[in-house]
Structure formats: structure tokens, C-alpha cells
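Working through the structure, step by step
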Amino acid sequence: PRRNTRWHIAQVTYRVLGLAEYPAKLIARNPVPASAKPKKGAEVALQFIYPSEDEALLGCVAVDADGKPKVDLGHRLLFGFLDRQGWRREEALGGKVEEVEDAVEDDEQILDEVPALTWRRLDLEHSIVHMDREKTGRPRPVPIDPDVVRALAAWRTLSPARADDDFVFVDMAGKLIDRHEAAELLRAALMAAGVDRVELHDTSSSLRRQVRLHDLRASMVTIALANGRPEEWGRRRTGHTSSALERYRRVAGTVKELTLGDWTPLDEAIPELCAASAKNAARNAAREAKKPTRGTVDSSTIPRGRGDRIRTCDPLTPSQVR
């Protein structure tokens, strides 16, 4: 187990044996000295990106000297999706499920790894994904926000991998984004977009680490709480327990004072997807316009009289002209 987990186990053991010594008087002396407890690990600072930094990252369309984009469009979509939906790395890109303290037994499925998200599993019509396995082993339905749905629909028209069984999060070469390289890709993309805030990249402090892909999940929760979204909403989206949100709750209070704002809608934050989304909207509007329309139906049950006048039984109500 992790160092903090060992510390909690030792703390409980020491406390129980202390109660057995006194007042229960079941043992003569606590056999575990206080000095035997392992040291608790120092808490590392919570990393998250600001909405303005996200906007700069997703809007980065700069190219290098060879005309190659500095930040791949598929990478930008992944980053924007994660800090708006709060998914874990393996839920989007596949991979081994993280081991956590409260993970439940999964004897029926026994999934060592979670498959990467494919277009077939992504239900854009109903704006939902049904996850069969996640960090704690509890299957859950996960809703997708409307702006993210529009962005994903636009991405499918641009992606080199569009078939039902193709992966959603690929680069412009059609290759699934490597989950092991994703953190380094994120840091490089932030620097290319001019997001060089020292807290995200500095490695000199033992109490802070470089921004990771998982920190986009922390960004989603922190910004959501700072903007007044209920904790229940956050738990439904991320699968967090109430106790797990305590750390985010403390940081969100400070973020709220800074009035950093909220995320730009994903289909508007990425220029290429904004244009494709507008085309999709125009195409859908054209289809709706071509649908046959029914004639108007008069739902009135009052028969029309000569001259199309209706007499009412209320003497105070004048005649009404149809």
C-alpha cells in the first residue's frame, strides 16, 4: 500500500490497542510505541489550469518553420475533452486501471485494462457513454455536455479514423494517442501555446510536480466547484466520493475569489471544430427544412357561423372575429 495508507493503518492500530490498554484494560500495555508509526507523506500541491490557459491551448493553430502544426488537432481535442468532462486517462485512452484503496472486487469481469473509447461506444445522439469499468470498479453512465457533443461530431468529420470501431482520440495521422506520452505532450503543447506559468512546469520544489494529464481532471472539478456547480453534479460526472472532493473544495474556494471564469464551449474553443460544427449545423438545418410539413389544423371545436363570427354565451364578452 501507499505511504499514506500505511500511516492510516498504523494510526488505527495504535488507537485500538491504546483503547484496549485503557479504559478497556484488556491488555497491560500497548505493544506498539508511538515512534513506530510510519511518517505521513507530504501533500503535493494540487495542479490545475486556468480557463484562459485552456483557451490559449485549444486555440493554438501556430505552425513551425516546416509548416507543421505545433500542437496536433487531435491532441487539443483530447486536452479540451478531459478538462471539461473530468475523465481519467485510461477511460479515454485505455490502459491498466489504477489501483486505489476503495477499489471493489470484480470477479465477474476481471478487467486488467480498460479499452480506449471508440466511436461505437460514444452515443452522440443521446449524449452519453456507458462505462463498464472505471477506477473503483463500479459501472456508471456518464453524460456528455452539449458543447462537447457538438465538438465530437465535428471532430468525426475531420478525424482520419471515423469508422465505428476506430478510436476517438487519435492524432491527425490516425494513431491512438499514447497514454504514456500524453503528459509530456500536454506540457509541450502548453509551452507552444505560450502557457509557461511556472507552477505548471517547475521541478525544483518537492511539494509541487509538473502538470500531468490527470491534472486536467482536477481542473474540471476545481473550476466546476468555483463556478457554483453542486458537488452531486461533480460526483455524477467523475465518480468521486464526497470525501475525495474535500481537497478540491478547499482550492475551489480560492479560485472563486479570483473570478477566473468558466471553460469556453469546446466547439468554439478549437477553431477547426468551430468551422466544422457550423457546417454540421447548416446541414442539419437544411435537412429539417426539406422535411414535409403538415397543414395547419384548426383545433377549435366551436363550429364556424355565417360571416366567420363566434358568439359567446357571456353577455360581457363581445363577439370575436375568427
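This report concerns the structure included in the present document. (Residues numbered from 1 in each chain as written. Predicted model: local features only at pLDDT ≥ 70, side-chain atom pairs only at ≥ 80, totals over all residues. Heavy atoms only, no water.)

1. Digging into the overall build of the protein
For the protein, the helix and strand inventory stands at 12 helices and 6 strands. The buried share of the protein, taken over its 322 residues, is 37%. When the accessible surface of the protein is summed, it comes to about 19200 Å², and 53% of that surface belongs to carbon and sulfur atoms. (Helix = DSSP H or I, 4+ residues; strand = E, 2+ residues; numbered from the N terminus. Buried < 20%, exposed > 50% of the residue type's maximum accessible area, 1.4 Å probe, protein only. Areas by Shrake-Rupley, 256 points an atom, 1.4 Å probe, with all protein chains shown as cover.)

2. Here's the deal with the packing of helix α8 (residues 214-226) against helix α10 (residues 246-258)
Two quantities define a packed helix pair, namely the angle between the helix axes and the distance between the axes. Where α8 meets α10, the axes come as close as 8 Å, and the angle between the chain directions of the two elements is 55°. Of the possible angle classes, the one that applies to α8 and α10 is oblique. Regarding α8 and α10, the two cross each other, and that crossing is right-handed. Judged by residue contacts, A218, V221, T222, I223, L225 and A226 of α8 engage Y248, R249, V251, A252, V255 and K256 from α10. (Axes fitted to C-alpha atoms, helices over the stretch in contact; angles between N-to-C directions. Parallel < 35°, antiparallel > 145°, perpendicular 65-115°, else oblique. Left-handed = near helix turned anticlockwise from the far one by under 90°. Contact = heavy atoms within 4.5 Å.)

3. Remarks on the packing of aromatic side chains
Under the defined criterion, the tally for this structure stands at 3 aromatic pairs. Between the aromatic rings of F48 and Y50, the centroid separation amounts to 5.8 Å while the plane-to-plane angle is 55°, which identifies the pairing as tilted. Overall, Y50 belongs to the partly exposed group, its relative accessible area being 22%. Ring geometry for F81 against F169: centres 5.0 Å apart, planes inclined by 55°, an arrangement best described as tilted. Here F169 lies in the loop between α5 (146-158) and α6 (182-192) and F81 lies in helix α3 (residues 73-85), a separation of 88 residues in the sequence. Considered together, F81 and F169 belong to a single accessibility category, that of buried residues. Ring pairing ties together the aromatic residues F81, W87 and F169, which thus form one cluster. (Phe/Tyr/Trp six-rings, centres within 6.5 Å; stacked < 30°, edge-to-face > 60°.)

4. Describing unusual backbone geometry
Omega for the bond connecting Y22 with P23 falls within 30 degrees of zero, at 20°, which places this linkage in the cis form. Phi at T259 takes a positive value of approximately 50°, unusual for a residue other than glycine. You can see T259 is positioned in the loop between α10 and α11 (266-269). Assessed through its relative accessible area of 66%, T259 is described here as exposed.

5. Side note on the side chain of H75
Position of H75 relative to the elements: it lies in helix α3. Taking relative accessible area as the criterion, H75 reaches 15% and is therefore assigned buried. Non-local contacts of H75, meaning those with residues more than four positions away in its chain, are made with D171, I177 and L185.

6. Some points on the nonpolar core
Membership of the largest hydrophobic core comes to 62 residues, with the highest contact counts inside it found for F79, W87 and F169. Of all the elements, α8 adds the most residues to this core, at 8 residues. (Core = buried A, V, L, I, M, F, W, Y, C linked by side-chain atoms within 4.5 Å.)

7. Some words on the pattern of salt bridges
Opposite charge on two side chains lets them pair, provided their charged atoms get close. Applying the stated criterion across every chain yields a total of 12 salt bridges. In this structure, E272 engages R76 in a salt bridge whose closest nitrogen and oxygen atoms are separated by 2.6 Å. Here R76 lies in helix α3 and E272 lies in helix α12 (residues 271-290), a separation of 196 residues in the sequence. The exposure class of E272 is partly exposed, given its relative accessible area of 27%. Judged by relative accessible area, which is 2%, R76 ranks as buried. Across the pair D215 and R212 runs a salt bridge, and its minimum N-O distance is 3.2 Å. Counted as one network, the salt bridges with shared partners bring together E53, R197 and E199. (Salt bridge = Lys/Arg side-chain N within 4 Å of Asp/Glu carboxyl O.)

8. Some thoughts on the packing of α8 against helix α9 (residues 231-238)
Packing of α8 against α9 leaves a shortest axis separation of 10 Å and a crossing angle of 160°. Here α8 is positioned roughly antiparallel relative to α9, judged by the angle of their axes. Handedness of the α8/α9 crossing: right-handed. On α9, the residues touching R217, M220, V221, A224 and L225 of α8 are E231, W233, R237 and T238. Of the residues that constitute the contact of α8 with α9, the class distribution is 5 nonpolar, 1 polar and 3 charged. (Nonpolar A, V, L, I, M, F, W, Y, C, P; charged D, E, K, R; others polar.)

9. Examining the environment of R89
Looking at the element boundaries, R89 is found in helix α4 (residues 89-93). Taking the C-alpha atoms as reference points, R89 and L213, 124 residues apart in sequence, are found 6.9 Å from one another. Dropping the residues within four chain positions of it, R89 is found in contact with G94, R179 and L213.

10. Topic: α9
Where α9 is concerned, the buried positions are W233, G234, R237 and T238. Seen along its axis, α9 keeps its buried residues to an arc of 110°; they face one direction. Next to the buried residues of α9 lie α3, β4 (140-143) and α8. A positive phi of about 80° marks G239, the residue just after α9. (Arc of directions from axis to C-beta.)

Fair warning: the whole summary comes from geometry, so function is off the table for now.
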